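Remarks on the overall topology
Residue strings, one per chain:
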Amino acid sequence: MIELEMRNVSLGYDHHPVLKDITFKASPGQFVGLIGPNGSGKSTIIKALSHVVEPTGGEVIIDGRNIKIYPGASLPASWGSCRNYPSSLHLHGF
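Quick notes on the rules
- Residues numbered from 1 in each chain as written.
- Predicted model: local features only at pLDDT ≥ 70, side-chain atom pairs only at ≥ 80, totals over all residues.
- Heavy atoms only, no water.
- Pairing = 2+ DSSP bridges.
- Helix = DSSP H or I, 4+ residues; strand = E, 2+ residues; numbered from the N terminus.
- Contact = heavy atoms within 4.5 Å.
- Axes fitted to C-alpha atoms, helices over the stretch in contact; angles between N-to-C directions.
- Salt bridge = Lys/Arg side-chain N within 4 Å of Asp/Glu carboxyl O.
- Buried < 20%, exposed > 50% of the residue type's maximum accessible area, 1.4 Å probe, protein only.
- Arc of directions from axis to C-beta.
- Core = buried A, V, L, I, M, F, W, Y, C linked by side-chain atoms within 4.5 Å.

1. Topic: the pairing of strand β2 (residues 16-26)
In this sheet, β2 lies alongside strand β1 (residues 4-13) in antiparallel orientation, the contact comprising 7 bridges. If you follow M6 over to β2, its bridge partner there is F24. Hairpin geometry of β1 and β2 is characterised by an intervening segment of 2 residues between the two adjacent antiparallel strands and by a positive phi of about 50° at D14.

What follows is the structure, given as structure tokens:
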């Protein structure tokens, strides 16, 4: 199990800020959910944790190490994410 952390992270695309000064820590054994309306930055946070999007400020930390030390494909494989697509949800009896 690993620890994921964002310290004062700001994110954006093409010089347009999307999120500013995000700080959180997910410790081993915790389950974390990102909840918010469309366009609120949930996927952008996951992309930053996956080293797909580079923060414009702050640090993304995995197990106490800055994510920048990991070449793209060598990120720890002991964490994962699960996306939820509304079209795949089937509620019965409601």
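And the narrative resumes.
2. Thoughts on the sheet that holds strand β3 (residues 57-62)
The sheet built from 4 strands is open, its strands ordered β2-β1-β3-β4 with antiparallel pairing. Because the sheet does not close on itself, it has two edges, and the strands there are β2 and β4 (65-66). Sheet strands in contact with helix α1 (residues 42-49) are β1, β2 and β3, and its direction is about 115° off that of β1.

3. Things to note about the side chain of S10
Inspection of the secondary structure assignment puts S10 in strand β1. Apart from residues lying up to four places away in sequence, S10 is in contact with L19, K20, D21, P55, T56 and G57.

4. Here's the deal with the pattern of salt bridges
Throughout the structure, instances matching the rule amount to 2 salt bridges. Between R7 and E5 there is a salt bridge; the shortest N-O distance is 2.9 Å. A salt bridge links R7 to E59, with the shortest nitrogen-to-oxygen separation between them at 3.7 Å. You can see R7 sitting in strand β1 and its partner E59 sitting in strand β3, a full 52 residues away along the chain. Among the residues examined, E59 registers a relative accessible area of 32% and is labelled partly exposed.

5. A closer look at α1
When we look at burial in α1, the residues that qualify are T44, I45, A48 and L49. Each buried residue of α1 sits inside an arc of 140° when the element is viewed along its axis, so together they form one side. Residues of α1 that are buried sit in contact with β1, β2 and β3. Two residues or fewer past α1, H51 is found with a positive phi of approximately 65°.

6. Overview of the nonpolar core
In this structure, L4, M6, L11, L49, V60 and I62 are the most contacted members of the largest nonpolar core, which totals 15 residues. Among the secondary structure elements, those contributing two or more residues to this core are β1, β2, α1 and β3. No other element matches the 4 residues that β1 contributes to this core. Ignoring sequence-local partners within four residues, the contact set of L11 consists of M6, P17, V18, L19, T44, I45, A48, V53, E54, P55 and T56.

These values are about where atoms sit, not about what they do.
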